[in-house]
Amino acid sequence: MKKIGILGSTGSIGTQTLEVVREKEDLKVIALAAGSNVEELERQAREFRPKLAVLYNEEGAALLKEKLKDTGIKVAAGMEGLLEAATLTETDIFVTAIVGMIGIRPTIAAIEMGKQIALANKETLVTAGHIIMPLAKEKKVDILPVDSEHSAIFQCMGQNGREEVEKLLLTASGGPFFGKKRKDLMDITVEEALKHPNWSMGKKITIDSSTLVNKGLEVIEAKWLFSVDLEQIQVVVHPQSVIHSMVQYQDGSVIAQMGLPDMKLPIQYALYYPERKYLRGDRLNFNQCLQLTFDKPDLDTFFGLKLAIEAARKGGSAPTVFNAANEKAVQLFLDRKIQFLQIPEIIQWALESHKLIDNPSVSQILEIERETYELIKSRW
Ligand code: NAD
Ligand code: MG
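Residues numbered from 1 in each chain as written. Chains lettered and ligands numbered in written order. Predicted model: local features only at pLDDT ≥ 70, side-chain atom pairs only at ≥ 80, totals over all residues. Heavy atoms only, no water.

J.: Could you give me a rundown of the coordination of the magnesium ion (ligand 2), with the residues and numbers involved?
T.: Note on the magnesium ion (ligand 2): its protein donors are Asp-147 (OD), Glu-149 (OE) and Glu-218 (OE). The metal-donor distances range over 2.1 to 2.2 Å. Mapping the donors of the magnesium ion (ligand 2) onto the primary sequence gives the spacing D-x1-E-x68-E. Of the two residues, Glu-149 sits in helix H7 (residues 148–157) while Glu-218 sits in helix H10 (residues 213–225), which places them 69 residues apart along the sequence. Owing to a relative accessible area of 9%, Glu-149 belongs among the buried residues under this scheme. (Donors = N, O, S within 2.8 Å, 3.2 Å for Na, K, Ca; no water. Helix = DSSP H or I, 4+ residues; strand = E, 2+ residues; numbered from the N terminus. Buried < 20%, exposed > 50% of the residue type's maximum accessible area, 1.4 Å probe, protein only.)

J.: Tell me what's going on with the pairing of strand E3 (residues 52–55), and back it up with residues and numbers.
T.: The side-chain alternation of E3 yields two buried faces, one formed by Leu-52 and Val-54 and the other by Ala-53 and Leu-55. Bridge count for strand E2 (residues 27–34) against E3 is four bridges, and the pairing is parallel. Bridge assignment links Leu-32 to a residue of E3, and that residue is Ala-53. For the handedness criterion, the β-α-β arrangement of E2, helix H2 (residues 38–48) and E3 is classed as right-handed. Pairing of E3 with strand E4 (residues 74–77) involves four bridges; the strand directions are parallel. Bridge pairing links Ala-53 to Val-75 in E4. Following the backbone out of E3, through helix H3 (residues 58–67) and into the adjacent parallel E4, one traces a crossover that is right-handed. (Pairing = 2+ DSSP bridges. Right-handed = clockwise from strand over helix to strand, strands pointing away.)

J.: How would you sum up the environment of Phe-294? Please name residues and give values.
T.: Residue position: Phe-294 is located in the loop between helix H11 (264–272) and helix H12 (303–314). Relative accessible area serves as the criterion here: at 44%, Phe-294 is assigned to the partly exposed category. Separated by 202 residues in the primary sequence, Phe-294 and Asp-92 place their C-alpha atoms 39 Å from one another.

J.: Got a sec to walk through the site of ligand 1? Specific residues and values, please.
T.: What surrounds ligand 1 is a group of 23 residues, the closest being Thr-10, Gly-11, Ser-12, Gly-35 and Glu-123. Contact distances for ligand 1 include 2.7 Å between an oxygen atom and a side-chain N or O atom of Thr-10. Take Gly-202: an N or O atom from its main chain is 3.0 Å from an oxygen atom of ligand 1. Protein contact buries 86% of the 830 Å² of open area that ligand 1 shows by itself. Looking at the shell around ligand 1, the elements that each hand over two or more residues are helix H1 (12–23) and helix H6 (122–138). Looking at side-chain class alone, the shell around ligand 1 contains twelve nonpolar, eight polar and three charged residues. (Near = heavy atom within 4 Å. Polar contact = N/O pair within 3.5 Å; in protein donor to acceptor, adjacent residues only side chain to side chain. Areas by Shrake-Rupley, 256 points an atom, 1.4 Å probe, with all protein chains shown as cover. Nonpolar A, V, L, I, M, F, W, Y, C, P; charged D, E, K, R; others polar.)

J.: Residue-level account of a negative patch on the surface, with values.
T.: A surface patch of negative charge is lined by Glu-163, Glu-164, Glu-166 and Asp-251. Note on Glu-164: relative accessible area 30%, which makes it partly exposed. (Patch = residues over 30% accessible without salt bridge, like charges linked within 9 Å, V, L, I, M, F, W, Y side chains within 5 Å. Salt bridge = Lys/Arg side-chain N within 4 Å of Asp/Glu carboxyl O. Lys, Arg positive; Asp, Glu negative; His and termini not counted. Charge placed at Lys NZ, Arg CZ, Asp CG, Glu CD.)

J.: Could you give an account of the nonpolar core, with specific residues and numbers?
T.: Counting 123 residues, the largest nonpolar core has Ile-143, Leu-168, Phe-226, Phe-322, Phe-333, Phe-340 and Ile-343 as the members making the most contacts within it. In terms of residue count, helix H13 (residues 318–334) provides more of this core than any other element does, ten residues in total. The contacts of Phe-322, once residues within four sequence positions are left out, are Val-213, Leu-217, Gly-304, Leu-307, Ala-308, Ala-311, Ile-347 and Leu-351. (Core = buried A, V, L, I, M, F, W, Y, C linked by side-chain atoms within 4.5 Å. Contact = heavy atoms within 4.5 Å.)

J.: Could you give an account of the packing of aromatic side chains, naming the residues involved and the relevant values?
T.: A complete count under the given rule lists six aromatic pairs for this structure. Arranged with centres 5.2 Å apart and planes meeting at 80 degrees, the rings of Phe-177 and Phe-340 form a pair that is edge-to-face. Taken as a pair, Phe-177 in the loop between strand E8 (165–172) and helix H8 (190–193) and Phe-340 in the loop between H13 and helix H14 (342–353) lie far apart in primary sequence, 163 residues in all. With relative accessibility at 5%, the residue Phe-177 sits in the buried group. Using a relative accessible area of 2% as the deciding quantity, one classes Phe-340 as buried. Aromatic rings pair up to connect Phe-154, Tyr-269 and Tyr-273 into one cluster. In this structure, Lys-223 is placed above the aromatic ring of Trp-224, and the distance from its NZ or CZ to the ring centre is 4.1 Å. (Phe/Tyr/Trp six-rings, centres within 6.5 Å; stacked < 30°, edge-to-face > 60°. Lys NZ or Arg CZ within 6 Å of the ring centre and 35° of its normal.)

J.: Run through a nonpolar patch on the surface, naming residues and quoting values.
T.: A cluster of nonpolar side chains, contributed by Met-258, Phe-286 and Leu-290, occupies part of the molecular surface with about 280 Å² of accessible area. On the secondary structure map, Leu-290 appears in the loop between H11 and H12.

J.: Describe in detail the sheet that holds strand E10 (residues 243–249), supporting the description with residues and values.
T.: Strand order across the open sheet formed by four strands is E9-E8-E10-E11, with mixed pairing between neighbours. Lying at the two open borders of the sheet, with one neighbouring strand each, are strand E9 (233–237) and strand E11 (254–258). Across the sheet, the mean angle separating the axes of adjacent strands is 20 degrees when strand polarity is ignored. Here E8 runs beside E9; their pairing, made up of five bridges, is parallel. In the strand pairing of E9, Thr-171 is matched with Val-236. (Axes fitted to C-alpha atoms, helices over the stretch in contact; angles between N-to-C directions.)

Laid out in structure tokens, this is it:
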């Protein structure tokens, strides 16, 4: 029996993780944690009977406690609650399916306790990869990628060593605006940006996919996960999302991982690694004409990707500023306060206003996040 904790259980990755658990008798949920959705967490807690249910929102948690009175399930709140969910002694693996840097402290706490990490929360590695990866190594903890591209690379890596790898080929669908130029993107609405051609995901990551900022975050995530140089990562636009990423080896061989776009595959792979188990669902049909096309990313139109690579190159606190500025800008766009093309402009402005700090600590990262939010709030 594998015992799991889920941070962000009510979101897109969280609910798909629970769909995987529902199908398997050898997976048991020990802790569920979410932001503020009382009804959904109550429903999940009643179905999966964890030991602990956490709502970050204090009022929501008080309400949940009342609602779950008859169940014996413990209810906790706030960061303290998230840390408790991360560190319960029973859990074997902790799924980080929360959005944003709020995942850093619980992830570190879980690693400290020797829990395996199934990592979806890319913002954590983007901003604190220099802290998380060495700590995981020290504690002999696997960071198992849930992000589909990183899971693909992880699967393509097999038994091969890092030194045999020449390049990681990170595929990108190109999002709903693939092929468009800046002049076409002036009046993009929130609804248009939320229509992803191949994947159904949370709002923030869907907007990030439409700007290619998501791919930028994934380049940084890949750099940390697979300890390669930035120069060894190439973004390849592949609109069909059939190949989820590839690894090119020193002898020129390229190994790809393919499948239909379904996040349950990388989630389940991380939960059972190194085993593969049956997963219900459709399969790729090679009797149908399957067209796979590839292209270079357009870094002028989607300059958020270029900014991410620049921030990664600078290192230190730059990826934190990049990520925090993007979070705020995406929120402003979703609130219809700024135009689509202003998202990368705001990120660029925040990066230019920032004085770089090398090797930031967790508290510095969180402080820089707050400062970046404040800076953007002062102008928009
Ligand atoms: P989502 O918005 O659907 O869900 C986010 C979850 O986090 C919700 O359960 C929410 O309640 C919880 N949450 C938010 N603030 C919280 C807080 N303060 N305390 C506790 N819980 C809180 O997001 P998502 O699309 O599932 O994405 C989650 C992460 O996975 C992101 O980092 C994203 O980049 C990454 N990811 C998602 C996908 C996908 O297909 N959705 C694919 C790859 C990577
Ligand atoms: Mg991805």
